[in-house]
Structure formats: structure tokens, C-alpha cells
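A closer look at the structure
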Amino acid sequence: MELRQLKYFIEVAEREHVSEAAERLHVAQSAISRQIANLEDELGVPLFEREGRNVKLTSIGKIFLTHSLAIMKAVDNAKEQIDAYLDPERGSIKIGFPTSLASHLLPTIISAFKERHPNITFQLRQGSYSFLIDAVKNRDLDLALLGPVPTDDFDLKGNILFTEKIFALLPSNHPLSERRTLRLKDLRNEAFVLFPKGYILQKIAYDACKQEGFLPNVSSEGEDLDAIKGLVSAGMGVTLLPESSFYENVPKFTEKMPIENPAISRTVGIIVPKNRELPPSVQTFYQFVIEFFSILEKYQ
């Protein structure tokens, strides 16, 4: 069995068409057909069945595809790590982040890092809290920035970079917008605009409200920070957001309000896998981030 055969097999499986796969791979259709036939002979099972001009995976072909993808992913990861070890200053770092850290924190860190290491590149992936954790474990990401930092996962090492407060965001014409501070209980009868279930900021909001003896009445949901802010600006409800999401500005027709009781906060940090060695370029970035925020803390 050869990697070339797996590559051809995966391409045909994903396109369900031999000639399209051949065109994509820039090889003759006969070459692909021959290699797949050799693969089927070696395995002793048919991987495809014909449906007109198309081909479909057999049941055993679907199983073999799952394993083939895992093999090719492992090979790609190995190549990346070898390249990084050969030249740490030309490595590529796969980093994940949530939407709440996208506008200021991540660009600031990468910009400062690139001044010292201009030839290291980044592959950026935005995702939900659970996605980022799973992606680091599964090697889809080298590391991730997120908040709060998980403290009870034995497969991850988390470093807290800073702690930030959670603020309320209200429409500017809201009766409570004239106050200097709020109690969370003041919002118990309000309509809330929150992230959907599964997003960590939704959980933070729910947990805070439950501690105060009520559940938020969710009138609208959004998967993007700007969408959440826009709905509040349009008077659709109030929301709870971390301080870092207001770094550039507070949206028009809204008021950012501190919550004095209870004080709500979250940790923000960086996670890496605990039980595998980081490639040199990733290790360099990881240490840079920790030192970067250590220096910032001294001046604050």
C-alpha cells in the first residue's frame, strides 16, 4: 500500500468521479483507475461501486476512507514538524481563537511576534469554546487562545494571561442606562440577546443569572459579536459581554454598564497539549505570548 494510492482513493471518494479526480490531481484517469484497482486487490474488497458515470463508496469503502484520512493527516503533521525542526524560523503555526478575542487581542499578539520572527507564518481558525479544545487535542490546532481557561482537563496545559470583567450592554434609551453601575438582578425582567447554546459566553451569562435567582429571558440569539451588539443597538434586548469585546468602541445607541453585584469575570489564556512536544516554532510563539503578558502585567 502506497501513500499515492491513498491520495488517489481519497480524491475519488470525495468527488465521486474518477475523471474529475484525475483532473484535480493532474494525472491520467487510467493511472487513478489502475492504482485504485491495485488497492482493492491488496485489501481484497471493493471500495467503490459504479452509479452511471459516478462512483460511490461501498460500506467498507466508507470505513477505509475514515482511516485513510487519518493516515494522511498524520503524514501531513509529521512533514510540518520535520520542516519546523529543520528551520524553526520558517515554521507554520495553527492557532485557534474565539470571536470575542478576534478584533484586538490576537492581532496585537501576532503583530508583536512577527516583528521578532517575520518568517514564521500563521494558519488562523475561529471557533467555539468546545471546538477549540477538541481541535488542540486532535492536532487540528497547535494551540488556542480562549476564555475561560480550562483547569480540569488532563490532556491540556492552560496558562492564564489575564482576567477580565463582564459588562452589561444596554440600548442607550433603556431606563437603566442613566445609572453608573448595575446589579445583575436589575436585569431579571429584561429580554436578553445571547450567543446560542454551546457557546461559552452564553454559559457565563446563564450561570451568573442563576446565581442571582433567575434565568435570562432570551429574545434573540447571534453567533457573532457584531450581530449581538447590533441587536442590542436595535433595542432587541440587553446582553453580557467581556471587556475585551469593547476595546475598539462601544456600539452606537448602546451603553456599556459595569456590574457591581455580583462581580462577573472570566480568565483568558492559552492552551497547548500536555502530552506531546511542541514543534520549535510553536514553542517559540507559546513562550512569547506568556512573556508578552507577563511584561504587560508589570506595567499595569
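Residues numbered from 1 in each chain as written. Predicted model: local features only at pLDDT ≥ 70, side-chain atom pairs only at ≥ 80, totals over all residues. Heavy atoms only, no water.

1. Remarks on the layout of surface pockets
Put simply, the rule reads: Only protein atoms enter the 1 Å grid, on which a cavity is a set of points fitting a 1.4 Å probe that cannot get out and a pocket is an open set with protein on both sides within 12 Å along at least 5 of 7 lines, lining residues being those with an atom within 4 Å of a point. Grid points are joined across faces, edges and corners, and a volume is the space filled by probe spheres set on the points. Numbering goes from the N terminus for both helices and strands, where a helix is a DSSP run of H or I of at least four residues and a strand is a run of E of at least two. Three classes are used: nonpolar for Ala, Val, Leu, Ile, Met, Phe, Trp, Tyr, Cys and Pro, charged for Asp, Glu, Lys and Arg, and polar for all others, with Gly counted as polar.
Its boundaries defined by the atoms lining it, the second largest pocket holds a volume of some 250 Å³. Secondary structure elements with two or more residues in the lining of the second largest pocket: α4 (59-86), β3 (92-97) and α9 (280-299). In terms of residues, the lining of the second largest pocket owes the most to one element, α4, which gives 5 residues. For the lining of the second largest pocket, the residue count by class is 6 nonpolar, 6 polar and 8 charged.

2. Digging into the nonpolar core
Counted only if it meets this: As used in this record, nonpolar core signifies buried Ala, Val, Leu, Ile, Met, Phe, Trp, Tyr and Cys residues forming a set joined through side-chain atoms within 4.5 Å. Three exposure classes are used, based on accessible area relative to the maximum for each residue type with a 1.4 Å probe and protein chains only: buried under 20%, partly exposed in between, and exposed over 50%. The contact rule is simple, with two residues in contact once any of their heavy atoms fall within 4.5 Å.
Of all hydrophobic cores here, the largest spans 40 residues; its most connected members are Ala168, Leu184, Leu187, Phe192 and Leu240. Of all elements in the fold, only α6 (129-137), β5 (143-146), β6 (156-171), β8 (191-194), α7 (200-211), α8 (225-233) and β10 (239-242) reach the threshold of two or more residues within this core. Filtering out sequence-adjacent residues up to four positions away, alanine 168 remains in contact with Leu182, Leu187, Thr239, Leu240, Glu255, Lys256, Met257 and Ile259. Residues Val268, Ile270, Val282 and Phe293 belong to the second largest nonpolar core, which totals 26 residues.

3. Things to note about the pattern of salt bridges
Put simply, the rule reads: Salt bridges are defined as contacts in which a side-chain nitrogen from Lys or Arg sits within 4 Å of a carboxyl oxygen from Asp or Glu.
In total, this model carries 9 salt bridges according to the counting rule given. As a salt-bridge pair, aspartate 153 and lysine 137 come within 2.7 Å of each other at their nearest N and O atoms. Separated by 16 residues along the polypeptide, aspartate 153 in the loop between β5 and β6 and lysine 137 in helix α6 bring together distant segments of the chain. Arginine 183 is the salt-bridge partner of aspartate 186, the closest N and O atoms lying 3.0 Å from each other. On the basis of relative accessibility, which here comes to 16%, the residue aspartate 186 falls in the buried class. Classification of arginine 183 as partly exposed rests on a relative accessible area of 41%.

4. Some details on the packing of aromatic side chains
Convention followed: Whether two aromatic rings pair depends on their centres lying within 6.5 Å, for rings of Phe, Tyr and Trp, where Trp uses its six-membered ring; planes under 30 degrees apart make the pair stacked, over 60 edge-to-face, and the rest tilted.
In total, this model carries 10 aromatic pairs according to the counting rule given. Ring geometry for phenylalanine 113 against phenylalanine 288: centres 5.3 Å apart, planes inclined by 70°, an arrangement best described as edge-to-face. Taken as a pair, phenylalanine 113 in helix α5 (residues 105-116) and phenylalanine 288 in helix α9 lie far apart in primary sequence, 175 residues in all. For phenylalanine 113, a relative accessible area of 0% corresponds to the buried category. Among the aromatic side chains, those forming a connected cluster through ring pairs are Phe113, Phe122, Phe162, Phe285, Phe288, Phe292 and Phe293.

5. Description of the pairing of strand β4 (residues 121-126)
Note the threshold: Strand pairing follows a simple DSSP-based rule, namely that at least 2 bridges must link the two strands. The handedness of a crossover follows from its direction of travel: if, with the strands pointing away from the viewer, the path from the first strand over the helix to the second runs clockwise, the crossover is right-handed.
Alignment of β3 against β4, held across 6 bridges, turns out to be parallel. Its bridge partner lying in β4, serine 92 is registered against threonine 121. After leaving β3, the chain enters α5 and then returns to the sheet as β4, a path that is right-handed.

6. Remarks on the confidence of the model for the protein chain
Here is the rule we go by: As a per-residue quantity, pLDDT reports the predictor's confidence and falls between 0 and 100.
This prediction gives the protein chain a mean pLDDT of 88; 97% of its residues lie at or above 70. β8 holds the highest mean pLDDT among the elements of the protein chain, 95, whereas α4 holds the lowest, 82.

7. Description of the pairing of β8
Across 4 bridges, β8 lies against strand β9 (residues 217-221) in parallel orientation. In the sheet register, alanine 191 faces β9, and the bridge partner there is asparagine 217. Regarding topology, α7 serves as the crossover connection from β8 to the parallel β9, and that connection is right-handed.

8. Examining the packing of helix α1 (residues 3-15) against helix α2 (residues 18-25)
What counts here: To obtain each axis, a line is fitted to C-alpha atoms, and for helices this fit is confined to the stretch in contact; angles are then taken between N-to-C directions over 0 to 180 degrees. Should an angle fall under 35 degrees it is called roughly parallel, over 145 degrees roughly antiparallel, and 65 to 115 degrees roughly perpendicular, with every other angle called oblique. Handedness of each helix crossing follows the sense of rotation of the near helix against the far helix: counterclockwise by less than a right angle gives left-handed, clockwise gives right-handed.
Interhelical geometry of α1 versus α2 gives an angle of 125° and a closest axis separation of 8 Å. In terms of their interaxial angle, α1 and α2 are classed as oblique. Crossing of α1 against α2: the hand is right-handed. Judged by residue contacts, Lys7, Tyr8, Glu11, Val12 and Arg15 of α1 engage Val18, Glu20, Ala21, Arg24 and Leu25 from α2. A class-by-class count of the residues in the contact of α1 with α2 yields 5 nonpolar, no polar and 5 charged.

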